[in-house]
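Now for the letters of each chain:
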Amino acid sequence: MQRIVILGAGFGGLFAAQGLARAAADLTVVDRHNYHLFQPLLYQVATAGLAPSDVAWPIRSILSRQKNTTVLLDEVVDIAVDRHQVILRRETVPFDYLVVATGARHSYFGHEDWAETAPGLKSIDDATQIRRRILTAFEQAEMTADAAERARLLRFVIVGGGATGVELAGTIAELAHRTLAADFRHIDPRAAKILLVEAGPRLLPFLSEASSSYARRALERLGVEVRLGAPVTACDALGVTIGEERVGSATVIWAAGVAASPAARWLDAPCDRAGRVIVEPDLSLAGNPDIFVIGDAASVTTEAGSPVPGIAPAAKQQGRYVADVIARRIAGRPAAEAFRYRHAGYLATIGRRSAVIEFPRLKVTGWLAWWIWGIAHIYFLVGVPSPFIVSIRWLWEYLTYGRGARLITGDHPHDKIGGPAA
Ligand SMILES: Cc1cc2nc3c(=O)[nH]c(=O)nc-3n(C[C@H](O)[C@H](O)[C@H](O)COP(=O)(O)OP(=O)(O)OC[C@H]3O[C@@H](n4cnc5c(N)ncnc54)[C@H](O)[C@@H]3O)c2cc1C
């Protein structure tokens, strides 16, 4: 029996595994988390709209009906390409075919020490940490008698004007100005300042200028201050420095940079500037036709020569494609044609009333775009357990302004009530 190993059970890895459900092979799926995460709704966990269990599901249960599949909770530390072995923390796993789908992580552009004070949003732990920091800032503001400290606690800085930054800024503004408005006695949460800082000249750079400008205006209507062409030059527990200006803040969130997982290092393979492995037209590694790299870990170009974007539909399409390539080889069928990316469009929400959508032939903004975004995400949820229940919870959160998940959980010295430990 051929041994197929898939590293990572995100969108790419999971779709590859599901595409190989009927292959006459032993399939092993490895992930360092026991859950598959629906990252597009993670910002809702970070802003206390949805609970973690609404956006993540155990990989083991998603794949439980696939009798040819074993799930391993372990972390990849290296790949011995010549020996066809994956080195995990606890064991070494041999393979005949390997699919690397370990995604991406944050990049602090050489300032890794900023991670402690400015968490990024990538995992459930990141989201609950950000939720804790946001909610704790309001609690601390309620308790302090010092007006300057109160202002610092009620200032939220989001670094990075891509989709995650825009979605976080809009939702934190609504949390402060609507959801929490009546909950405190000594502070007015509506006085909270939300600052979205972007080093480039516009928000959502993957969209047209008109959609970027629309997003900016929509955020400003929600009370978000948008600063463009404003690089963050320092970041610590008391705030950020933007250019030369010091801005005090107890809650800085990093949504600025993405770097691929260390797949290129593990495979000793060529990569692009973001660390994504450069792959062949069938998504395999040059010189190693049995090893594939997909999703955010791979650098793939479209037929027109532009880069395939790091979004969920691209990872899913690549997962399905490599499953087909491997299944054909195992069954001795003719090889598949080169991978072709089909772009469905870009979507980003701005709070709960607005969104921007750019389909290949149609641009939509405003509330209609929000509903299209919502319906598209419900459609994306198909394939995960209980999409209907998640959709209902999500609708409930929408109607009630997220009264459900405003819990401060976990423990970290930075966001202890009363401030960081001395
Ligand atoms: C906050 C956020 C919001 C987003 N919003 C959208 C959106 O609205 N629409 C959209 O289309 N895209 C969105 N994206 C992008 C989309 O989620 C990614 O493009 C997609 O998840 C990539 O899929 P992937 O399989 O390559 O990687 P991932 O889905 O990131 O999966 C990688 C998997 O590998 C595992 N892994 C990583 N390293 C190791 C290791 N060393 N050992 C073992 N396991 C490992 C991880 O635990 C994870 O399960 C968003 C991303 C983020 C972070």
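Residues numbered from 1 in each chain as written. Predicted model: local features only at pLDDT ≥ 70, side-chain atom pairs only at ≥ 80, totals over all residues. Heavy atoms only, no water.

*Asks:* Would you take a moment to explain the overall build of the protein chain for this structure?
*Replies:* For the protein chain, the count of helices and strands is twelve helices and 25 strands. Here the C-alpha atoms of the protein chain give a radius of gyration of 22 Å, agreeing with the 22 Å that 2.2 N^0.38 yields for 422 residues. Expressed as lengths along the three principal axes of its C-alpha atoms, the size of the protein chain is roughly 70 × 50 × 45 Å. For the protein chain, with 422 residues in total, the buried portion stands at 54%. In the protein chain, once contacts between residues fewer than 6 apart in sequence are set aside, the share between residues at least 24 apart is 62%. For the protein chain, the computed accessible surface area is about 19200 Å², with 54% contributed by carbon and sulfur atoms. Seen as two clouds, the 45 positive and the 42 negative side-chain charges of the protein chain have centres 6 Å apart. (Helix = DSSP H or I, 4+ residues; strand = E, 2+ residues; numbered from the N terminus. Rg over C-alpha atoms; globule rule 2.2 N^0.38 Å. Buried < 20%, exposed > 50% of the residue type's maximum accessible area, 1.4 Å probe, protein only. Contact = heavy atoms within 4.5 Å. Areas by Shrake-Rupley, 256 points an atom, 1.4 Å probe, with all protein chains shown as cover. Lys, Arg positive; Asp, Glu negative; His and termini not counted. Charge placed at Lys NZ, Arg CZ, Asp CG, Glu CD.)

*Asks:* Quick question: what am I supposed to make of the packing of helix α11 (residues 367-381) against helix α12 (residues 387-400) here?
*Replies:* If you want to describe how two helices pack, look at the angle between their axes and the distance between the axes. Close contact between α11 and α12 brings their axes to 9 Å; oriented N to C, the two are set at 155°. With respect to each other, α11 and α12 are oriented roughly antiparallel. Classified by chirality, the crossing of α12 by α11 is right-handed. Touching Trp370, Trp371, Trp373, Gly374, His377, Ile378 and Leu381 of α11 are Pro387, Val390, Ser391, Trp394, Leu395 and Tyr398, all from α12. (Axes fitted to C-alpha atoms, helices over the stretch in contact; angles between N-to-C directions. Parallel < 35°, antiparallel > 145°, perpendicular 65-115°, else oblique. Left-handed = near helix turned anticlockwise from the far one by under 90°.)

*Asks:* So what exactly am I meant to see when it comes to the side chain of His36 here?
*Replies:* The topology assignment puts His36 in strand β3 (residues 35-37). Only 2.8 Å separates the side chain of His36 from the backbone oxygen of Ala9, close enough to count as a polar contact. (Polar contact = N/O pair within 3.5 Å; in protein donor to acceptor, adjacent residues only side chain to side chain.)

*Asks:* Looking at this model, I keep getting lost on the site of the ligand. Mind explaining?
*Replies:* The local shell around the ligand holds 28 residues, among which Gly12, Asp31, Gln39, Val76 and Asp296 are the closest. Measuring from an oxygen atom of the ligand, one finds a backbone N or O atom of Ile311 at 3.4 Å. Separating an oxygen atom of the ligand from a backbone N or O atom of Ala312 is a distance of 2.9 Å. Burial of the ligand by the surrounding chains reaches 90%, relative to a free accessible area of 1000 Å². Mapped by element, the contributors of at least two residues to the shell around the ligand are α1 (11-19) and α10 (312-331). The dominant element in the shell around the ligand, judged by the number of residues it contributes, is α10, at three residues. In terms of residue class, the shell around the ligand is built from eleven nonpolar, eleven polar and six charged. (Near = heavy atom within 4 Å. Nonpolar A, V, L, I, M, F, W, Y, C, P; charged D, E, K, R; others polar.)

*Asks:* Explain α10 here, please?
*Replies:* Given 3.6 residues per turn, any residue in an α-helix points the same way as the ones three and four places further on. Over its 20 residues, α10 extends 29 Å from the first C-alpha to the last, a length consistent with the 28 Å expected when each residue adds 1.5 Å. At the exit of α10 stands Gly332, carrying a positive phi of roughly 70°. (Expected span 1.5 Å × (residues − 1).)

*Asks:* What's the story with the packing of aromatic side chains in this structure? I'm lost.
*Replies:* Two aromatic rings, taken as a pair, are described by how far apart their centres are and by the angle between their planes. The final tally for this structure, using the stated rule, is eleven aromatic pairs. Summarising the aromatic geometry, the rings of Tyr321 and Phe339 are spaced 5.4 Å apart at their centres and angled 70° between planes, so their arrangement reads as edge-to-face. Remark: Phe339 occurs in the loop between α10 and β23 (346-350) and Tyr321 occurs in helix α10; sequence separation between them is 18 residues. We classify Tyr321 as buried; its relative accessible area is 11%. Residue class for Phe339 comes out buried when judged on its relative accessible area of 9%. Three or more aromatic residues joined by ring pairs make a cluster, and in this case those are Tyr108, Phe109, Trp114 and Trp254. (Phe/Tyr/Trp six-rings, centres within 6.5 Å; stacked < 30°, edge-to-face > 60°.)

*Asks:* Honestly, the environment of Gln2 in this entry has me stumped. Any pointers?
*Replies:* When you line up the elements, Gln2 lands in strand β1 (residues 2-7). Each C-alpha atom of the pair Gln2 and Arg32 lies 24 Å from the other, and the pair is 30 residues apart in sequence.

*Asks:* Just checking my understanding: could you explain the sheet that holds β1 for this structure?
*Replies:* Paired through their backbone hydrogen bonds, the strands of a sheet run either parallel or antiparallel. Across the sheet, which stays open at both edges, the six strands sit in the order β5-β2-β1-β9-β21-β20 with mixed pairing between neighbours. In this open sheet, the two strands that pair with only one neighbour each are β5 (69-73) and β20 (284-285). Taken together, the four bridges between β1 and strand β9 (residues 97-100) define a ladder with parallel strand orientation. Residue pairing in the sheet places Ile4 in a bridge with Tyr97 of β9. α10 rests against β1, β2 (25-31), β9 and β21 (288-293) of the sheet, and its axis sits at about 155° to β21. (Pairing = 2+ DSSP bridges.)

*Asks:* How do you make sense of the sheet that holds strand β24 (residues 354-359) when you look at a structure like this?
*Replies:* Pairing is antiparallel across the open sheet formed by three strands, whose spatial order is β23-β24-β25. A single partner strand is all that each edge strand has here, and the edge strands are β23 and β25 (362-366). Averaged over all adjacent pairs, the angle separating strand axes in this sheet is 5°, with direction ignored. In this sheet, β24 lies alongside β23 in antiparallel orientation, the contact comprising five bridges. Following the sheet pairing, Tyr346 is matched in β24 by Glu358. Lying on the sheet, α11 is in contact with β23, β24 and β25; it crosses β25 at an angle near 110°.

*Asks:* Teacher, can you tell me more about the nonpolar core here?
*Replies:* Nonpolar side chains in soluble globular proteins generally cluster together in the buried interior. Of all hydrophobic cores here, the largest spans 123 residues; its most connected members are Ile79, Phe138 and Ile194. Top contributing element to this core by residue count: α10, with nine residues. Every residue in contact with Ile79, bar those within four places of it in the chain, is listed here: Leu7, Gln85, Ile87, Phe95, Leu98, Val100, Trp266 and Leu267. Tyr108, Val159, Val247 and Val252 belong to the second-largest nonpolar core, a separate cluster that totals 15 residues. (Core = buried A, V, L, I, M, F, W, Y, C linked by side-chain atoms within 4.5 Å.)

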